[in-house]
Amino acid sequence: MDHTTERFVVITGCSGGGKSTLLTALHERGYRTVDEPGRRLMRHSLADPYKDLKGFAEQAVAMSTRDIEKERNSSGWVFFDRGLIDAAAALTFATGASINDTLKNAPRFYRRVFFAPPWRAIYRQDEERQHDFGAAKQEAIRLASAYNDLGYQLTDLPLWSVEDRAQWVIDQLGSAPAIG
């Protein structure tokens, strides 16, 4: 186990479930955060999952790997908006490639993963999220399966305000990363 990455916390789950908004709230409270690779790729026109899911997923895996390396020397909890496992799950979905093969040399994240369940009331499509709510729910099912298969403990985020959610996550983790 890489003790460095035990303080890397993943927030994953349904598209449009409030993950990025939660990460913003955590960042505003002084925590290190890493933006979702997929949104960064689309925002900078580097890849489009609606035209080439395989190429998009490959680039997201590479970007996520770089994100991990960039954060190795930071201290305290580091929160990832999706990240490497989500990108590997997308690659598996696009190609049938084994997620274990994609992640064979990857470090482990903190064992507890916070999962944004489908939340219809806040779901919105936009330029980067073109799929409908049904497709978002199917993606959430695939992600939950991937994380469970990899031995992570999924904890559903409560359907609360962003400030209450942020405080709840912090309370769940405690004040300092657990190392050891």
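See the structure shown above.
Residues numbered from 1 in each chain as written. Predicted model: local features only at pLDDT ≥ 70, side-chain atom pairs only at ≥ 80, totals over all residues. Heavy atoms only, no water.

**Remarks on the overall build of the protein**
Counting its secondary structure elements, the protein contains 7 helices and 5 strands. For the protein, the N- to C-terminal ordering of α and β elements is β-α-β-α-α-β-α-α-β-α-β-α. Put simply, 75% of the contacts in the protein that link residues at least 6 apart link residues at least 24 apart. Total accessible area on the protein stands at roughly 8,900 Å², and carbon and sulfur atoms take up 48% of it. (Helix = DSSP H or I, 4+ residues; strand = E, 2+ residues; numbered from the N terminus. Contact = heavy atoms within 4.5 Å. Areas by Shrake-Rupley, 256 points an atom, 1.4 Å probe, with all protein chains shown as cover.)

**As for the sheet that holds strand 1 (residues 8–13)**
Spatially, 5 strands are ordered 2-3-1-4-5 in an open sheet, and the strand pairing comes out parallel. Unpaired on one side and paired on the other, strand 2 (32–34) and strand 5 (153–156) mark the two borders of the sheet. Averaged over all adjacent pairs, the angle separating strand axes in this sheet is 30°, with direction ignored. Where strand 2 and strand 3 (residues 78–81) come together, 3 bridges link them in parallel fashion. (Pairing = 2+ DSSP bridges. Axes fitted to C-alpha atoms, helices over the stretch in contact; angles between N-to-C directions.)

**Description of helix 3 (residues 53–71)**
Counted at 1.5 Å a residue, the expected span for helix 3 with its 19 residues is 27 Å, and the 27 Å between its end C-alpha atoms agrees. Turning to helix 3, its buried residues number three or more, namely Gly55, Phe56, Ala57, Ala60, Val61, Met63, Ser64, Asp67, Ile68 and Glu71. As for helix 3, its buried residues are in contact with strand 1, strand 2, helix 2 (37–43), strand 3, helix 4 (84–95) and helix 5 (99–102). (Expected span 1.5 Å × (residues − 1). Buried < 20%, exposed > 50% of the residue type's maximum accessible area, 1.4 Å probe, protein only.)

**Here's the deal with the packing of helix 3 against helix 4**
Where helix 3 contacts helix 4, the axes come no closer than 8 Å and their chain directions differ by 160°. The angle between helix 3 and helix 4 places the two elements in the roughly antiparallel class. Considering the relative orientation of helix 3 and helix 4, their crossing is left-handed. Of the residues in helix 4, those in contact with Leu53, Lys54, Ala57, Glu58, Ala60, Val61, Ser64, Thr65 and Ile68 of helix 3 are Leu84, Ala87, Ala88, Ala90, Leu91, Phe93, Ala94 and Thr95. The residue makeup of the contact of helix 3 with helix 4, split by class, is 12 nonpolar, 3 polar and 2 charged. (Parallel < 35°, antiparallel > 145°, perpendicular 65-115°, else oblique. Left-handed = near helix turned anticlockwise from the far one by under 90°. Nonpolar A, V, L, I, M, F, W, Y, C, P; charged D, E, K, R; others polar.)

**Regarding the environment of Gly13**
Residue placement: Gly13 occurs in strand 1. With relative accessibility at 0%, the residue Gly13 sits in the buried group. Sequence separation between Gly13 and Ala116 is 103 residues; the distance between their C-alpha atoms is 4.5 Å. Residues in contact with Gly13, not counting those within four places in the same chain, are Lys19, Arg82, Phe115, Ala116, Ala140 and Leu143.

**As for the nonpolar core**
By size, the foremost hydrophobic cluster in this structure holds 27 residues, and its most contacted members are Phe80, Ile85, Ile99, Leu103, Phe109 and Tyr152. For this core, the secondary-structure elements that each account for two or more residues are strand 1, helix 2, helix 3, strand 3, helix 4 and helix 6 (133–149). Beyond its immediate stretch of four places on either side in the chain, Tyr152 contacts Ile85, Arg108, Phe109, Tyr110, Arg111, Val113 and Tyr147. By size, the runner-up hydrophobic cluster in this structure holds 18 residues, among which are Tyr31, Tyr110, Ala116 and Ile170. (Core = buried A, V, L, I, M, F, W, Y, C linked by side-chain atoms within 4.5 Å.)

So, to be careful, I would describe these as geometric facts and stop short of saying anything about function.
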